[in-house]
Amino acid sequence: MSELAERFETHDPGEKLVAEKIRCDACPVMCYIADGRTGACDRYGNVGGRIVRIDPLTILDHAAETGAAMVPFVAEGEAWDGELVNTGRRFVTAIGAGTTYPDYKPAPFIVSQEVEGVDLVTVVTEGIFSYCGVKVKIDTDRHLGPETAIVRSQGEAIGHVTTGEYGSQMLSLGGVHHLTGGSKAEGRATCDALLDLCNRKPVELSIDGGATIVVEAGKPPVIDGKQEHRMRVGCGSATIGMFATQWRGLVDEVVVVDDHITGVVSEHQAGKVLGWQDTGIKIIGRRSTPGRYFKVSEPGLGWGGTSISDPLSILGDWNAKKGARPGLSLLMVSTTGEQFAYYELDDELKPVEKPFPERLQKSVGLIEDNCEPALCTVLFIGGAGGSLRAGVTENPVNLTRSVQGLKTYVTVGGAPVYVWPGGGITLMVDVTRVPEGAFGYVPTPALVAPIEFTLRRDDYIRLGGYEAEIRSVHDIVAKGGEYLNARRGTGAPGGNPWPPLAQLHRVPANGAG
Ligand code: SF4
(Lines give C-alpha, C1' and ligand atoms only; values in the text may rest on other atoms or scores of the structure.)
Protein backbone atom coordinates (compact mmCIF):
# COMPACT_ATOMS: atom_id res chain seq x y z
CA MET A 1 0.00 0.00 0.00
CA SER A 2 1.24 3.54 -0.75
CA GLU A 3 2.23 6.17 1.78
CA LEU A 4 -1.01 7.93 0.97
CA ALA A 5 -3.01 4.97 2.24
CA GLU A 6 -1.04 4.82 5.46
CA ARG A 7 -2.24 8.28 6.35
CA PHE A 8 -5.86 7.13 6.19
CA GLU A 9 -7.88 5.48 8.91
CA THR A 10 -9.93 2.49 7.87
CA HIS A 11 -13.57 3.14 7.19
CA ASP A 12 -16.21 1.36 9.26
CA PRO A 13 -18.95 0.31 6.79
CA GLY A 14 -21.57 0.42 9.57
CA GLU A 15 -20.84 4.04 10.46
CA LYS A 16 -23.63 6.63 10.27
CA LEU A 17 -23.49 8.68 7.10
CA VAL A 18 -22.62 12.31 7.32
CA ALA A 19 -23.00 14.98 4.70
CA GLU A 20 -19.33 15.31 3.67
CA LYS A 21 -18.94 11.62 2.87
CA ILE A 22 -18.82 10.68 -0.78
CA ARG A 23 -19.84 7.45 -2.38
CA CYS A 24 -17.45 5.01 -4.05
CA ASP A 25 -19.21 3.16 -6.84
CA ALA A 26 -16.33 0.88 -7.82
CA CYS A 27 -18.15 -2.20 -6.48
CA PRO A 28 -21.65 -3.14 -5.28
CA VAL A 29 -20.80 -2.35 -1.63
CA MET A 30 -21.09 1.40 -2.41
CA CYS A 31 -19.14 2.70 0.60
CA TYR A 32 -19.68 6.25 1.77
CA ILE A 33 -16.21 7.51 2.62
CA ALA A 34 -15.28 10.53 4.75
CA ASP A 35 -12.45 12.83 3.69
CA GLY A 36 -9.04 11.35 4.45
CA ARG A 37 -10.33 7.83 4.95
CA THR A 38 -10.56 4.64 2.90
CA GLY A 39 -13.45 2.38 1.99
CA ALA A 40 -14.09 -1.14 3.28
CA CYS A 41 -11.61 -2.75 0.88
CA ASP A 42 -8.81 -0.21 1.58
CA ARG A 43 -8.35 0.18 -2.17
CA TYR A 44 -10.21 3.48 -2.60
CA GLY A 45 -10.16 6.60 -0.44
CA ASN A 46 -11.65 10.07 -0.22
CA VAL A 47 -8.89 12.59 -0.87
CA GLY A 48 -10.18 16.15 -0.72
CA GLY A 49 -13.64 15.15 -1.90
CA ARG A 50 -12.48 12.91 -4.80
CA ILE A 51 -12.53 9.12 -4.92
CA VAL A 52 -8.94 8.01 -5.44
CA ARG A 53 -7.52 4.55 -6.11
CA ILE A 54 -4.97 4.26 -3.32
CA ASP A 55 -2.36 1.98 -4.87
CA PRO A 56 -0.47 3.26 -7.91
CA LEU A 57 -1.16 2.06 -11.42
CA THR A 58 1.65 -0.38 -12.24
CA ILE A 59 3.36 -0.11 -15.61
CA LEU A 60 5.82 -2.86 -16.49
CA ASP A 61 8.91 -2.11 -18.48
CA HIS A 62 10.25 -4.88 -20.67
CA ALA A 63 13.74 -4.87 -22.08
CA ALA A 64 13.06 -4.61 -25.81
CA GLU A 65 15.60 -7.22 -26.80
CA THR A 66 15.71 -9.76 -24.02
CA GLY A 67 12.57 -9.41 -21.93
CA ALA A 68 14.81 -9.45 -18.86
CA ALA A 69 13.74 -7.73 -15.65
CA MET A 70 14.86 -4.10 -15.45
CA VAL A 71 15.37 -1.46 -12.82
CA PRO A 72 12.32 0.58 -11.76
CA PHE A 73 12.22 3.89 -13.59
CA VAL A 74 10.33 5.80 -10.93
CA ALA A 75 9.96 4.92 -7.27
CA GLU A 76 6.55 4.45 -5.75
CA GLY A 77 5.21 7.68 -4.32
CA GLU A 78 7.55 9.89 -6.36
CA ALA A 79 6.06 12.44 -8.69
CA TRP A 80 5.97 11.30 -12.29
CA ASP A 81 7.79 13.70 -14.59
CA GLY A 82 6.63 12.09 -17.79
CA GLU A 83 10.15 11.00 -18.74
CA LEU A 84 11.20 7.42 -19.07
CA VAL A 85 14.65 6.41 -17.97
CA ASN A 86 14.16 3.16 -19.79
CA THR A 87 12.84 3.21 -23.30
CA GLY A 88 11.98 -0.50 -23.51
CA ARG A 89 8.45 -1.66 -24.19
CA ARG A 90 5.97 -0.71 -21.54
CA PHE A 91 2.88 -2.62 -20.56
CA VAL A 92 0.09 -0.94 -18.62
CA THR A 93 -1.11 -3.61 -16.20
CA ALA A 94 -4.44 -3.58 -14.43
CA ILE A 95 -2.74 -3.42 -11.03
CA GLY A 96 -4.14 -0.22 -9.51
CA ALA A 97 -6.20 0.51 -12.63
CA GLY A 98 -9.60 0.50 -10.93
CA THR A 99 -12.67 -1.54 -11.66
CA THR A 100 -15.24 -1.65 -14.40
CA TYR A 101 -18.34 -1.14 -12.30
CA PRO A 102 -21.23 -0.67 -12.96
CA ASP A 103 -21.04 -3.07 -15.88
CA TYR A 104 -21.81 -0.67 -18.72
CA LYS A 105 -18.72 1.49 -18.10
CA PRO A 106 -15.73 1.04 -20.38
CA ALA A 107 -12.61 -0.38 -18.74
CA PRO A 108 -10.52 2.18 -16.82
CA PHE A 109 -7.70 2.09 -19.39
CA ILE A 110 -7.82 1.14 -23.04
CA VAL A 111 -4.25 1.53 -24.23
CA SER A 112 -2.96 1.70 -27.76
CA GLN A 113 0.59 0.88 -28.73
CA GLU A 114 2.33 0.11 -32.00
CA VAL A 115 4.73 -2.77 -31.70
CA GLU A 116 6.78 -3.94 -34.67
CA GLY A 117 4.35 -2.27 -37.04
CA VAL A 118 1.24 -3.80 -35.47
CA ASP A 119 -1.33 -1.52 -33.84
CA LEU A 120 -2.32 -3.19 -30.60
CA VAL A 121 -4.86 -2.33 -27.96
CA THR A 122 -4.69 -3.50 -24.34
CA VAL A 123 -7.87 -3.26 -22.32
CA VAL A 124 -7.01 -3.00 -18.65
CA THR A 125 -9.25 -3.45 -15.62
CA GLU A 126 -9.29 -4.84 -12.12
CA GLY A 127 -11.87 -7.59 -12.26
CA ILE A 128 -14.17 -8.47 -9.37
CA PHE A 129 -14.24 -12.26 -9.28
CA SER A 130 -17.15 -13.75 -7.34
CA TYR A 131 -16.45 -17.00 -9.16
CA CYS A 132 -12.88 -17.75 -8.28
CA GLY A 133 -10.61 -19.92 -6.21
CA VAL A 134 -7.17 -21.45 -6.13
CA LYS A 135 -5.81 -24.86 -7.01
CA VAL A 136 -2.93 -25.75 -4.70
CA LYS A 137 -0.28 -28.36 -5.51
CA ILE A 138 1.76 -29.48 -2.53
CA ASP A 139 4.85 -31.51 -3.35
CA THR A 140 4.86 -34.21 -0.70
CA ASP A 141 4.42 -37.93 -0.24
CA ARG A 142 2.85 -37.41 3.12
CA HIS A 143 -0.84 -38.06 3.55
CA LEU A 144 -2.54 -34.72 4.17
CA GLY A 145 -6.08 -36.06 4.42
CA PRO A 146 -8.54 -38.26 2.53
CA GLU A 147 -9.81 -37.14 -0.88
CA THR A 148 -12.87 -34.87 -0.53
CA ALA A 149 -11.93 -34.05 3.11
CA ILE A 150 -12.85 -30.49 4.07
CA VAL A 151 -10.04 -27.95 4.21
CA ARG A 152 -10.47 -25.22 6.84
CA SER A 153 -9.03 -21.80 7.50
CA GLN A 154 -9.85 -19.93 10.71
CA GLY A 155 -12.06 -22.94 11.51
CA GLU A 156 -14.29 -22.38 8.44
CA ALA A 157 -14.69 -24.71 5.46
CA ILE A 158 -12.97 -23.11 2.46
CA GLY A 159 -12.41 -26.07 0.12
CA HIS A 160 -11.46 -29.72 -0.07
CA VAL A 161 -8.70 -32.21 -0.81
CA THR A 162 -8.95 -33.30 -4.42
CA THR A 163 -7.33 -36.12 -6.39
CA GLY A 164 -3.58 -36.37 -5.85
CA GLU A 165 -1.07 -36.05 -8.65
CA TYR A 166 2.34 -37.65 -9.20
CA GLY A 167 4.35 -36.81 -6.09
CA SER A 168 1.95 -34.09 -5.01
CA GLN A 169 -1.21 -33.64 -2.99
CA MET A 170 -3.83 -31.29 -4.42
CA LEU A 171 -6.30 -28.90 -2.80
CA SER A 172 -9.19 -27.10 -4.41
CA LEU A 173 -10.03 -23.97 -2.42
CA GLY A 174 -12.59 -21.20 -2.69
CA GLY A 175 -15.24 -21.14 -5.39
CA VAL A 176 -18.56 -19.38 -5.37
CA HIS A 177 -20.23 -21.75 -2.89
CA HIS A 178 -17.70 -21.13 -0.12
CA LEU A 179 -17.51 -17.41 -0.96
CA THR A 180 -21.24 -16.72 -1.11
CA GLY A 181 -23.22 -19.88 -0.40
CA GLY A 182 -22.43 -20.46 3.28
CA SER A 183 -22.38 -18.29 6.41
CA LYS A 184 -20.83 -14.81 6.46
CA ALA A 185 -17.91 -16.19 8.48
CA GLU A 186 -17.29 -18.88 5.86
CA GLY A 187 -17.31 -16.34 3.03
CA ARG A 188 -14.97 -14.03 4.92
CA ALA A 189 -12.52 -16.80 5.87
CA THR A 190 -12.53 -18.09 2.29
CA CYS A 191 -11.87 -14.62 0.88
CA ASP A 192 -9.08 -13.96 3.41
CA ALA A 193 -7.33 -17.26 2.65
CA LEU A 194 -7.60 -16.83 -1.13
CA LEU A 195 -6.32 -13.26 -0.95
CA ASP A 196 -3.30 -14.23 1.14
CA LEU A 197 -2.50 -17.26 -0.99
CA CYS A 198 -2.71 -15.20 -4.20
CA ASN A 199 -0.53 -12.48 -2.69
CA ARG A 200 2.03 -15.18 -1.76
CA LYS A 201 1.57 -15.00 1.98
CA PRO A 202 1.67 -18.09 4.23
CA VAL A 203 -1.73 -19.50 5.18
CA GLU A 204 -2.39 -22.18 7.80
CA LEU A 205 -4.93 -24.77 6.69
CA SER A 206 -6.32 -27.72 8.63
CA ILE A 207 -7.75 -30.77 6.94
CA ASP A 208 -10.57 -32.74 8.55
CA GLY A 209 -9.16 -36.13 9.58
CA GLY A 210 -5.72 -35.12 8.34
CA ALA A 211 -2.84 -32.72 8.77
CA THR A 212 -2.40 -29.04 9.53
CA ILE A 213 -0.33 -27.41 6.84
CA VAL A 214 1.17 -24.03 6.09
CA VAL A 215 0.96 -23.20 2.40
CA GLU A 216 2.87 -20.35 0.76
CA ALA A 217 3.24 -20.07 -3.02
CA GLY A 218 6.76 -20.90 -4.15
CA LYS A 219 7.87 -22.12 -0.70
CA PRO A 220 8.15 -25.62 0.83
CA PRO A 221 5.02 -26.83 2.63
CA VAL A 222 5.06 -27.17 6.42
CA ILE A 223 3.12 -30.27 7.47
CA ASP A 224 2.17 -30.69 11.13
CA GLY A 225 4.95 -28.28 12.04
CA LYS A 226 7.62 -30.01 9.93
CA GLN A 227 8.97 -28.46 6.79
CA GLU A 228 8.95 -30.75 3.75
CA HIS A 229 12.21 -30.79 1.82
CA ARG A 230 11.99 -33.21 -1.02
CA MET A 231 9.54 -34.38 -3.62
CA ARG A 232 9.66 -38.12 -4.35
CA VAL A 233 11.74 -39.31 -7.27
CA GLY A 234 8.85 -41.53 -8.38
CA CYS A 235 6.58 -44.22 -6.98
CA GLY A 236 8.20 -47.29 -5.42
CA SER A 237 7.95 -49.21 -8.68
CA ALA A 238 9.49 -46.40 -10.75
CA THR A 239 12.30 -46.03 -8.20
CA ILE A 240 13.10 -49.73 -8.59
CA GLY A 241 13.13 -49.31 -12.36
CA MET A 242 15.44 -46.28 -12.19
CA PHE A 243 17.96 -47.64 -9.71
CA ALA A 244 17.95 -51.46 -10.10
CA THR A 245 21.30 -51.42 -11.90
CA GLN A 246 22.86 -49.39 -9.06
CA TRP A 247 22.00 -52.11 -6.54
CA ARG A 248 23.00 -55.10 -8.66
CA GLY A 249 25.74 -57.06 -6.91
CA LEU A 250 25.64 -54.88 -3.76
CA VAL A 251 22.58 -56.27 -1.99
CA ASP A 252 20.27 -59.30 -2.38
CA GLU A 253 16.93 -57.55 -2.07
CA VAL A 254 15.60 -53.98 -2.20
CA VAL A 255 12.15 -52.79 -1.12
CA VAL A 256 11.09 -49.21 -1.93
CA VAL A 257 8.33 -48.38 0.53
CA ASP A 258 5.52 -46.29 -0.92
CA ASP A 259 1.93 -45.65 0.09
CA HIS A 260 0.80 -46.07 -3.53
CA ILE A 261 3.03 -48.69 -5.20
CA THR A 262 5.70 -50.43 -3.11
CA GLY A 263 8.41 -51.98 -5.27
CA VAL A 264 10.41 -55.20 -4.72
CA VAL A 265 13.45 -55.55 -6.96
CA SER A 266 13.76 -59.35 -7.08
CA GLU A 267 10.17 -59.70 -8.36
CA HIS A 268 10.00 -56.52 -10.45
CA GLN A 269 10.45 -56.70 -14.20
CA ALA A 270 13.53 -54.48 -13.93
CA GLY A 271 15.12 -56.98 -11.52
CA LYS A 272 14.10 -59.96 -13.66
CA VAL A 273 15.72 -58.48 -16.76
CA LEU A 274 18.94 -58.00 -14.78
CA GLY A 275 18.82 -61.64 -13.58
CA TRP A 276 17.97 -60.93 -9.93
CA GLN A 277 17.57 -64.12 -7.85
CA ASP A 278 14.38 -64.91 -5.91
CA THR A 279 14.66 -64.13 -2.20
CA GLY A 280 11.51 -65.68 -0.68
CA ILE A 281 10.36 -62.27 0.53
CA LYS A 282 6.70 -61.79 1.47
CA ILE A 283 5.09 -58.33 1.29
CA ILE A 284 1.90 -57.75 3.25
CA GLY A 285 -0.17 -55.83 0.76
CA ARG A 286 -2.23 -56.25 -2.40
CA ARG A 287 -0.08 -57.54 -5.25
CA SER A 288 -0.80 -55.66 -8.45
CA THR A 289 1.77 -57.04 -10.90
CA PRO A 290 5.10 -58.77 -10.13
CA GLY A 291 7.15 -56.69 -7.72
CA ARG A 292 4.45 -53.98 -7.37
CA TYR A 293 2.23 -53.88 -4.27
CA PHE A 294 -0.68 -51.58 -3.34
CA LYS A 295 -1.91 -50.77 0.17
CA VAL A 296 1.02 -52.00 2.27
CA SER A 297 -0.17 -49.65 5.00
CA GLU A 298 -2.60 -46.87 5.74
CA PRO A 299 -1.55 -43.48 4.34
CA GLY A 300 0.22 -41.24 6.84
CA LEU A 301 3.27 -39.17 7.64
CA GLY A 302 5.73 -42.09 7.82
CA TRP A 303 7.95 -43.84 5.25
CA GLY A 304 6.93 -43.07 1.64
CA GLY A 305 3.61 -41.50 2.69
CA THR A 306 2.57 -44.58 4.65
CA SER A 307 1.75 -44.53 8.35
CA ILE A 308 4.65 -46.82 9.25
CA SER A 309 7.82 -45.92 11.11
CA ASP A 310 9.14 -49.51 11.16
CA PRO A 311 9.47 -50.75 7.55
CA LEU A 312 9.67 -54.39 8.69
CA SER A 313 5.97 -54.16 9.57
CA ILE A 314 5.11 -54.61 5.86
CA LEU A 315 7.00 -57.91 5.62
CA GLY A 316 5.62 -61.42 6.26
CA ASP A 317 7.62 -64.59 6.86
CA TRP A 318 10.55 -65.33 4.56
CA ASN A 319 10.25 -68.56 2.55
CA ALA A 320 13.35 -70.75 2.42
CA LYS A 321 11.89 -72.80 -0.43
CA LYS A 322 11.78 -69.66 -2.57
CA GLY A 323 15.30 -68.47 -1.88
CA ALA A 324 15.45 -67.09 1.67
CA ARG A 325 18.65 -68.01 3.51
CA PRO A 326 20.63 -66.85 6.55
CA GLY A 327 22.82 -63.87 5.72
CA LEU A 328 20.61 -62.64 2.85
CA SER A 329 20.92 -58.83 2.71
CA LEU A 330 18.02 -56.41 2.42
CA LEU A 331 17.84 -52.66 1.75
CA MET A 332 14.62 -50.84 2.60
CA VAL A 333 14.30 -47.24 1.42
CA SER A 334 11.57 -44.63 0.99
CA THR A 335 10.69 -42.90 -2.29
CA THR A 336 12.64 -39.76 -1.36
CA GLY A 337 15.68 -41.62 0.00
CA GLU A 338 15.21 -39.77 3.28
CA GLN A 339 14.51 -42.98 5.21
CA PHE A 340 16.59 -46.10 4.70
CA ALA A 341 17.71 -49.16 6.65
CA TYR A 342 19.82 -52.27 6.07
CA TYR A 343 19.08 -55.79 7.36
CA GLU A 344 20.46 -59.32 7.16
CA LEU A 345 18.47 -62.51 7.78
CA ASP A 346 19.52 -64.48 10.87
CA ASP A 347 19.45 -68.26 11.24
CA GLU A 348 15.67 -68.14 11.88
CA LEU A 349 15.26 -66.10 8.66
CA LYS A 350 14.33 -63.01 10.66
CA PRO A 351 15.68 -59.68 9.40
CA VAL A 352 18.08 -58.04 11.84
CA GLU A 353 19.06 -54.40 11.37
CA LYS A 354 22.79 -53.85 10.79
CA PRO A 355 24.88 -50.69 10.45
CA PHE A 356 24.21 -49.13 7.06
CA PRO A 357 27.00 -50.30 4.73
CA GLU A 358 29.16 -47.81 2.90
CA ARG A 359 28.61 -49.62 -0.43
CA LEU A 360 24.90 -48.67 -0.45
CA GLN A 361 25.32 -45.02 0.57
CA LYS A 362 25.83 -43.88 -3.02
CA SER A 363 22.58 -45.40 -4.34
CA VAL A 364 20.53 -43.98 -1.48
CA GLY A 365 22.19 -40.61 -2.02
CA LEU A 366 21.35 -40.86 -5.72
CA ILE A 367 17.64 -41.24 -4.91
CA GLU A 368 17.81 -38.14 -2.74
CA ASP A 369 19.75 -36.23 -5.39
CA ASN A 370 17.09 -37.03 -7.97
CA CYS A 371 14.31 -35.60 -5.82
CA GLU A 372 13.32 -32.03 -6.63
CA PRO A 373 12.76 -29.51 -3.85
CA ALA A 374 9.24 -29.72 -2.43
CA LEU A 375 7.23 -26.56 -3.14
CA CYS A 376 3.68 -25.24 -2.90
CA THR A 377 2.19 -24.04 -6.18
CA VAL A 378 -0.85 -21.77 -6.13
CA LEU A 379 -2.87 -21.22 -9.30
CA PHE A 380 -5.56 -18.57 -9.22
CA ILE A 381 -8.62 -19.66 -11.22
CA GLY A 382 -11.39 -17.24 -12.10
CA GLY A 383 -14.16 -16.66 -14.60
CA ALA A 384 -14.36 -13.31 -16.42
CA GLY A 385 -18.00 -12.37 -16.07
CA GLY A 386 -20.42 -9.68 -17.20
CA SER A 387 -18.86 -6.47 -15.92
CA LEU A 388 -15.39 -7.43 -17.07
CA ARG A 389 -16.41 -8.36 -20.56
CA ALA A 390 -18.81 -5.44 -20.99
CA GLY A 391 -15.97 -3.12 -20.04
CA VAL A 392 -14.05 -4.34 -23.07
CA THR A 393 -16.77 -4.30 -25.72
CA GLU A 394 -20.43 -3.37 -26.07
CA ASN A 395 -21.11 -6.92 -27.24
CA PRO A 396 -19.45 -9.11 -24.58
CA VAL A 397 -19.79 -12.45 -26.35
CA ASN A 398 -17.47 -11.12 -29.06
CA LEU A 399 -14.68 -10.92 -26.51
CA THR A 400 -15.26 -14.51 -25.44
CA ARG A 401 -15.10 -15.64 -29.07
CA SER A 402 -11.99 -13.59 -29.70
CA VAL A 403 -10.22 -15.10 -26.66
CA GLN A 404 -11.27 -18.59 -27.65
CA GLY A 405 -10.13 -17.92 -31.23
CA LEU A 406 -6.68 -16.83 -29.93
CA LYS A 407 -7.14 -13.33 -31.32
CA THR A 408 -7.11 -11.80 -27.86
CA TYR A 409 -4.25 -12.54 -25.48
CA VAL A 410 -5.18 -12.53 -21.80
CA THR A 411 -2.80 -11.68 -18.97
CA VAL A 412 -3.12 -11.17 -15.21
CA GLY A 413 -0.83 -8.37 -14.08
CA GLY A 414 1.20 -9.05 -17.24
CA ALA A 415 1.57 -12.77 -16.47
CA PRO A 416 0.47 -15.28 -19.12
CA VAL A 417 -2.64 -17.31 -18.28
CA TYR A 418 -4.13 -20.62 -19.34
CA VAL A 419 -7.67 -20.17 -20.69
CA TRP A 420 -9.84 -23.24 -20.38
CA PRO A 421 -11.37 -24.52 -23.61
CA GLY A 422 -15.16 -24.55 -23.81
CA GLY A 423 -17.54 -21.72 -22.98
CA GLY A 424 -16.78 -18.49 -21.15
CA ILE A 425 -13.39 -17.11 -20.16
CA THR A 426 -12.16 -19.30 -17.30
CA LEU A 427 -8.50 -18.67 -16.72
CA MET A 428 -5.70 -19.92 -14.49
CA VAL A 429 -2.50 -18.15 -13.57
CA ASP A 430 0.53 -19.04 -11.44
CA VAL A 431 0.49 -16.38 -8.72
CA THR A 432 4.30 -16.33 -8.49
CA ARG A 433 4.40 -14.84 -12.01
CA VAL A 434 2.09 -11.97 -11.03
CA PRO A 435 3.73 -8.88 -9.44
CA GLU A 436 3.49 -8.96 -5.65
CA GLY A 437 0.43 -7.48 -3.95
CA ALA A 438 -1.58 -7.48 -7.19
CA PHE A 439 -4.68 -9.11 -5.73
CA GLY A 440 -7.30 -7.33 -3.64
CA TYR A 441 -10.79 -8.01 -2.40
CA VAL A 442 -14.20 -6.45 -1.90
CA PRO A 443 -16.36 -7.46 1.04
CA THR A 444 -19.22 -8.86 -1.07
CA PRO A 445 -17.01 -11.11 -0.69
CA ALA A 446 -15.03 -11.52 -3.87
CA LEU A 447 -11.43 -11.31 -5.01
CA VAL A 448 -10.15 -8.48 -7.17
CA ALA A 449 -7.56 -9.49 -9.75
CA PRO A 450 -5.88 -7.49 -12.49
CA ILE A 451 -6.75 -8.61 -16.01
CA GLU A 452 -5.59 -7.35 -19.38
CA PHE A 453 -6.84 -8.21 -22.86
CA THR A 454 -4.41 -7.47 -25.72
CA LEU A 455 -5.49 -7.65 -29.36
CA ARG A 456 -5.01 -5.93 -32.69
CA ARG A 457 -6.62 -2.54 -32.85
CA ASP A 458 -8.59 -3.37 -36.00
CA ASP A 459 -9.94 -6.52 -34.34
CA TYR A 460 -10.85 -4.49 -31.27
CA ILE A 461 -12.85 -1.98 -33.29
CA ARG A 462 -14.50 -4.79 -35.23
CA LEU A 463 -15.69 -6.58 -32.11
CA GLY A 464 -17.43 -3.46 -30.84
CA GLY A 465 -14.67 -1.93 -28.67
CA TYR A 466 -14.80 1.55 -27.16
CA GLU A 467 -12.77 3.36 -29.83
CA ALA A 468 -13.28 6.80 -28.31
CA GLU A 469 -11.68 5.65 -25.03
CA ILE A 470 -8.40 4.47 -26.57
CA ARG A 471 -5.37 6.36 -25.22
CA SER A 472 -1.63 6.19 -25.74
CA VAL A 473 0.73 4.81 -23.09
CA HIS A 474 2.40 8.20 -22.91
CA ASP A 475 -0.91 9.94 -22.19
CA ILE A 476 -1.72 7.44 -19.44
CA VAL A 477 1.71 7.80 -17.88
CA ALA A 478 1.43 11.60 -17.99
CA LYS A 479 -2.18 12.11 -16.95
CA GLY A 480 -3.39 8.95 -15.22
CA GLY A 481 -7.07 8.13 -15.15
CA GLU A 482 -10.44 8.58 -13.51
CA TYR A 483 -9.18 7.43 -10.12
CA LEU A 484 -6.36 9.99 -9.93
CA ASN A 485 -3.74 7.62 -8.55
CA ALA A 486 -0.01 7.72 -9.07
CA ARG A 487 1.72 5.69 -11.78
CA ARG A 488 4.54 3.37 -10.84
CA GLY A 489 7.03 1.89 -13.26
CA THR A 490 8.78 -1.36 -12.53
CA GLY A 491 10.74 -3.99 -14.38
CA ALA A 492 8.69 -6.82 -15.87
CA PRO A 493 9.34 -10.16 -14.18
CA GLY A 494 11.69 -12.26 -16.30
CA GLY A 495 9.95 -14.96 -18.30
CA ASN A 496 6.67 -13.10 -18.78
CA PRO A 497 6.56 -12.42 -22.51
CA TRP A 498 5.00 -9.26 -23.90
CA PRO A 499 3.46 -8.73 -26.29
CA PRO A 500 2.73 -12.12 -27.84
CA LEU A 501 3.55 -10.76 -31.25
CA ALA A 502 4.02 -14.17 -32.79
CA GLN A 503 0.43 -15.03 -31.97
CA LEU A 504 -1.05 -11.67 -32.89
CA HIS A 505 0.95 -11.46 -36.15
CA ARG A 506 -0.33 -14.82 -37.28
CA VAL A 507 -3.96 -13.87 -36.88
CA PRO A 508 -5.47 -12.25 -39.96
CA ALA A 509 -7.68 -9.22 -39.25
CA ASN A 510 -10.81 -10.89 -40.48
CA GLY A 511 -13.54 -10.09 -38.01
CA ALA A 512 -14.37 -10.52 -34.40
CA GLY A 513 -15.76 -14.02 -34.34
S1 SF4 B 1 -15.53 -1.90 -0.95
FE2 SF4 B 1 -13.92 -0.75 -1.95
S3 SF4 B 1 -14.47 -0.73 -4.13
FE4 SF4 B 1 -16.30 -1.33 -2.99
S5 SF4 B 1 -17.40 0.58 -2.71
FE6 SF4 B 1 -16.14 0.25 -0.86
S7 SF4 B 1 -14.24 1.39 -1.30
FE8 SF4 B 1 -15.31 1.18 -3.24
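Structure: above.
Residues numbered from 1 in each chain as written. Predicted model: local features only at pLDDT ≥ 70, side-chain atom pairs only at ≥ 80, totals over all residues. Heavy atoms only, no water.

Asks: Which parts of the structure should I look at to understand the sheet that holds strand E25 (residues 351-354)?
Replies: Two pairing modes exist for strands in a sheet, parallel and antiparallel, and in both the strands are linked by backbone hydrogen bonds. With mixed pairing, seven strands are arranged side by side in an open sheet as E21-E22-E20-E19-E23-E24-E25. Of all the strands in the sheet, the pair left with one neighbour each is strand E21 (286-289) and E25. Sheet twist, expressed as the average angle between the axes of neighbouring strands with direction ignored, equals 30°. Helix H4 (residues 236-247) rests against strand E19 (253-257), strand E20 (262-264), strand E22 (292-294) and strand E23 (329-334) of the sheet, and its axis sits at about 150° to E19. (Pairing = 2+ DSSP bridges. Helix = DSSP H or I, 4+ residues; strand = E, 2+ residues; numbered from the N terminus. Axes fitted to C-alpha atoms, helices over the stretch in contact; angles between N-to-C directions. Contact = heavy atoms within 4.5 Å.)

Asks: Before we go on, may I ask you to explain helix H8 (residues 396-404) in this structure?
Replies: One full turn of an α-helix is made of 3.6 residues, so residues set three or four places apart face in the same direction. Those residues of H8 that fall on the buried side of the exposure criterion are Asn398, Leu399, Thr400, Ser402 and Val403. After H8 finishes, the residue Leu406 shows a positive phi value of roughly 60°. (Buried < 20%, exposed > 50% of the residue type's maximum accessible area, 1.4 Å probe, protein only.)

Asks: Which parts of the structure should I look at to understand the pattern of salt bridges?
Replies: Opposite charge on two side chains lets them pair, provided their charged atoms get close. Counted according to the given criterion, the structure contains 17 salt bridges. A salt bridge links Glu228 to Arg142, with the shortest nitrogen-to-oxygen separation between them at 2.9 Å. A residue pair is termed long-range when its members are at least 10 positions apart, and Glu228 in the loop between strand E18 (226-227) and H4 and Arg142 in the loop between strand E11 (132-139) and strand E12 (150-153) qualify at 86 residues. Grouping residues by exposure puts Glu228 and Arg142 together as buried. A salt bridge links Arg462 to Asp459, with the nearest nitrogen and oxygen atoms 3.5 Å apart. Taken together, the residues Arg462 and Asp459, both in helix H9 (residues 457-462) and three residues apart, mark about one turn of the helix. (Salt bridge = Lys/Arg side-chain N within 4 Å of Asp/Glu carboxyl O.)

Asks: Hey, could you run me through the nonpolar core in this one?
Replies: If you look at soluble globular proteins, the nonpolar side chains tend to sit buried side by side. Counting residues in each nonpolar core, the largest one holds 61 residues, and the members touching the most others are Leu171, Leu173, Ile213, Phe380, Phe439, Phe453 and Tyr460. A per-element tally of this core places helix H3 (residues 184-198) first, with seven residues. Beyond its immediate stretch of four places on either side in the chain, Tyr460 contacts Ile110, Val121, Val123, Val392, Leu455, Gly465, Tyr466 and Ile470. In terms of nonpolar packing, the next biggest core, distinct from the first, is built from 20 residues, Val255, Val264, Ile308 and Tyr343 among them. (Core = buried A, V, L, I, M, F, W, Y, C linked by side-chain atoms within 4.5 Å.)

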